[in-house]
Amino acid sequence: MKLLSKDEAKSICDKVMAMSKADECRVNLSGSRKGNVRYANNSVSTAGQIEDTTLVVSVAFGKKQGSATCNQFDAKSLEAAVRRAEEIARLAPENPEFMPAVGKQDFKATNTFSRNAEAFNPDFRADVAFASIDAAKKAGLQAAGFFNDSIGFDCIANSNGVFGFQELGGLNFTVTTRTNDGRGSGWVNRAAYDPKAFDPRAASEIAIEKALRSVEAKALEPGRYTVVMEPAATNDLLNFMFSAFDARSADEGRSFLSKKGGANRLGDKLFDEQVNVWTDPWDANAPVLPWDQGSMQARARRDLIKGGVITSLDYNRYWAQKQRKESTPPAGNIIMAGGSKSTEELIASTKKGILVTRTWYIRMVDPQSVALTGLTRDGTFYIENGKIKHPVKNFRFNDSPVAMLNNIDELGRPVLIGDTDARKLMIPAMKVRDFNFTSLSDAV
């Protein structure tokens, strides 16, 4: 299936809006070519490529809304989709939180597509799998990995004159490498927009090294330790916290950013002064679409946390109007400032501590403190006098990213984390005091 050009996409959007008899019409049109290869036990198990283009038309009569979807774009199919959306809207109850379509927006393009991404094809994916498997075989280990890539476009339009079109592309790679006896395990992930910035063999070597070093893990007593957490280890923890930067949930008393009496913590200092976090669609390392697909609002650079102080929350249009605030669409990326040190340099400055490669199986314990529980895995090591002394058995932890960000000793270099469809994060490695390990886990 051919991906649509900007002119072709606009022509389809214009046709749909011309067909609509509703008070307003919104169109989301997107297309992609997504490929993947999966392997386990040093052998490819599945590979595939999916191509699709989808149009969603949403209409409203007053506060009554309806939507319909199609992936055929001849006049008959488009009209059928419009009429179906209008039929649903007429039957729907009024939405008490309905907000009219936004007016014309100024979208400044972001660099979400590299022409090098056109190299994604079955041969490219086979080369990725071969490089990773070959490295594992030469080390006498077993590799299991997943590589996926995507190129495509996103287009939005509405009857108030909004129109945006942008190409997208990216890749995501993870591999777990284990010893044949199952006693050692290592893992790595990589995300990139440009395939030339990605080296599958170099990434796999990291997982291999961790697997070889993690054999003969020793048990340490659970307790509070200084930890050096790699970016992937903190990513999922911080994602729970950043998902709570919603003004409505804070105002309604449902998050750690709530105050008694219906207020929120905007303007309060909640973290160490080293914590600076912002969103920026035009960031060179983590660019995202310059609009929010749901509201069709233009995104902007804004600080979320500055010097440990909460400086911005997400206000959807309904809640912003109700609270008499400026509407701010959800962040497409989250960027946390770090330092210049590598993870190895953070280890070198640690007298005693634990290196955590990865956290997983994370569950929320208490939304109002963002207390989380989860496990370490795929490479957990004891640090003594600036060096990794030996592997340790994995731990269960009970802690909060809010507490973590108040116990920072040092921050490393930020790294891009995230797949081709999810919110992108640039997160640094961290050295954190008093991280709470509560029990041991025998799993590697």
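Scroll up to find the structure.
What counts, and where the lines are drawn
Residues numbered from 1 in each chain as written. Predicted model: local features only at pLDDT ≥ 70, side-chain atom pairs only at ≥ 80, totals over all residues. Heavy atoms only, no water. 1 Å grid on protein atoms, 1.4 Å probe; cavity = no way out; pocket = protein on both sides within 12 Å on 5 of 7 lines; lining within 4 Å. Points joined across faces, edges and corners; volume = space filled by probe spheres on them. Helix = DSSP H or I, 4+ residues; strand = E, 2+ residues; numbered from the N terminus. Salt bridge = Lys/Arg side-chain N within 4 Å of Asp/Glu carboxyl O. Buried < 20%, exposed > 50% of the residue type's maximum accessible area, 1.4 Å probe, protein only. Phe/Tyr/Trp six-rings, centres within 6.5 Å; stacked < 30°, edge-to-face > 60°. Lys NZ or Arg CZ within 6 Å of the ring centre and 35° of its normal. Core = buried A, V, L, I, M, F, W, Y, C linked by side-chain atoms within 4.5 Å. Contact = heavy atoms within 4.5 Å. Polar contact = N/O pair within 3.5 Å; in protein donor to acceptor, adjacent residues only side chain to side chain. Disulfide = S-S within 2.5 Å. Pairing = 2+ DSSP bridges. Axes fitted to C-alpha atoms, helices over the stretch in contact; angles between N-to-C directions. Left-handed = near helix turned anticlockwise from the far one by under 90°. Nonpolar A, V, L, I, M, F, W, Y, C, P; charged D, E, K, R; others polar.

### Brief notes about the layout of surface pockets
Next up, step 1: Here the largest pocket is characterised by a volume of approximately 980 Å³.
Next up, step 2: As for the largest pocket, its lining consists of 42 residues, and the residues nearest its centre are Val188, Asn189, Arg190, Ile206 and Val415.
Next up, step 3: Elements with a minimum of two residues in the lining of the largest pocket: strand E6 (185–192), helix H4 (200–213), helix H5 (231–242), helix H8 (343–348), strand E12 (352–366), strand E16 (408–417) and strand E17 (424–441).

### Looking at the pattern of salt bridges
Next up, step 1: For the coordinates displayed, the defined rule picks out 29 salt bridges.
Next up, step 2: Across the pair Asp181 and Arg183 runs a salt bridge, and its minimum N-O distance is 2.8 Å.
Next up, step 3: With a relative accessible area of 46%, Asp181 lands in the partly exposed category.
Next up, step 4: Among the charged side chains, a network of salt bridges with common partners joins Glu97, Arg248, Glu252 and Arg254.

### Considerations on the packing of aromatic side chains
Next up, step 1: Under the counting rule described, the total for this entry stands at 16 aromatic pairs.
Next up, step 2: With 5.4 Å between their ring centres and 50° between their planes, Phe397 and Phe435 make a pair best called tilted. Here Phe397 is found in strand E15 (residues 394–399), whereas its partner Phe435 is found in strand E17, with 38 residues between them in sequence.
Next up, step 3: Taken together, the ring pairs in this structure connect Phe120, Phe124, Phe147, Phe173 and Phe198 into an aromatic cluster.
Next up, step 4: Sitting over the ring of Phe163, Lys10 keeps its end group 5.6 Å from the ring centre.
Next up, step 5: One Lys or Arg, Arg38, reaches over the ring of Phe146 and ends 4.3 Å from the middle of that ring.

### Side note on the nonpolar core
Across soluble globular proteins, you tend to see nonpolar side chains buried next to one another.
Next up, step 1: Counting 51 residues, the largest nonpolar core has Met241, Phe245, Phe256, Phe271 and Ile305 as the members making the most contacts within it.
Next up, step 2: Among the elements that take part in this core, E17 stands out by supplying six residues, more than any other.
Next up, step 3: In this structure, Ile305 is in contact with Met241, Phe242, Phe245, Phe271, Val275, Asn276, Val277, Ile310 and Thr311, ignoring residues within four places of it in sequence.
Next up, step 4: With 26 residues, the next largest nonpolar core counts Ala9, Val59, Ala81 and Cys155 among its residues.

### A few points about the environment of Thr234
Next up, step 1: With respect to the helices and strands, the residue Thr234 is situated in helix H5.
Next up, step 2: Side-chain polar atoms of Thr234 contact the backbone oxygen of Pro231, separated by 3.1 Å.

### Here's the deal with the state of the cysteines
Next up, step 1: Taken as a whole, this structure holds zero disulfides when the rule is applied.
Next up, step 2: As a non-bridged cysteine, Cys155 has Cys13 as the owner of its nearest cysteine sulfur, 3.8 Å distant.

### Structural notes on the sheet that holds strand E5 (residues 163–179)
Next up, step 1: If you walk across this open sheet you meet the six strands as E3-E2-E1-E4-E5-E6, and the pairing is antiparallel. Both edges of this open sheet fall to strand E3 (64–70) and E6, since each of them pairs with a single strand only. Neighbour-to-neighbour, the strand axes of this sheet turn through a mean angle of 15°, independent of strand direction.
Next up, step 2: Bridge analysis of strand E1 (residues 24–40) against strand E4 (residues 141–158) gives 14 bridges, and the strand direction is antiparallel. Bridging from a neighbouring strand, Lys34 pairs with Ser150 of E4.
Next up, step 3: With respect to the sheet, helix H3 (residues 122–138) is in contact with E1, strand E2 (43–61), E4 and E5, its orientation differing from that of E4 by roughly 150°.
Next up, step 4: Across the face of the sheet, H4 comes into contact with E4, E5 and E6 while running at roughly 155° to E6.

### Some details on the pairing of E5
Two faces make up the sheet, and in a regular strand the side chains alternate between them.
Next up, step 1: With 12 of its 17 residues buried, E5 lies for the most part within the structure.
Next up, step 2: For E4 and E5, the ladder comprises 17 bridges, and the chain directions are antiparallel. What sits directly across from Ser150, in E5, is Gly170.

### Structural notes on the packing of H3 against H4
Helix-helix packing is described using two parameters, namely the angle between the two axes and the distance between the axes.
Next up, step 1: Running from N to C, H3 and H4 cross one another at 35°; their axes reach a closest spacing of 8 Å. Two packed elements cross with a definite hand, and for H3 against H4 that hand is right-handed. Along the contact surface, H3 presents Val128, Phe130, Ala131, Ser132, Asp134, Ala135 and Ala136, while H4 presents Pro200, Arg201, Ser204, Glu205 and Ile208.
Next up, step 2: Counted by class, the contact of H3 with H4 contains seven nonpolar, two polar and three charged residues.

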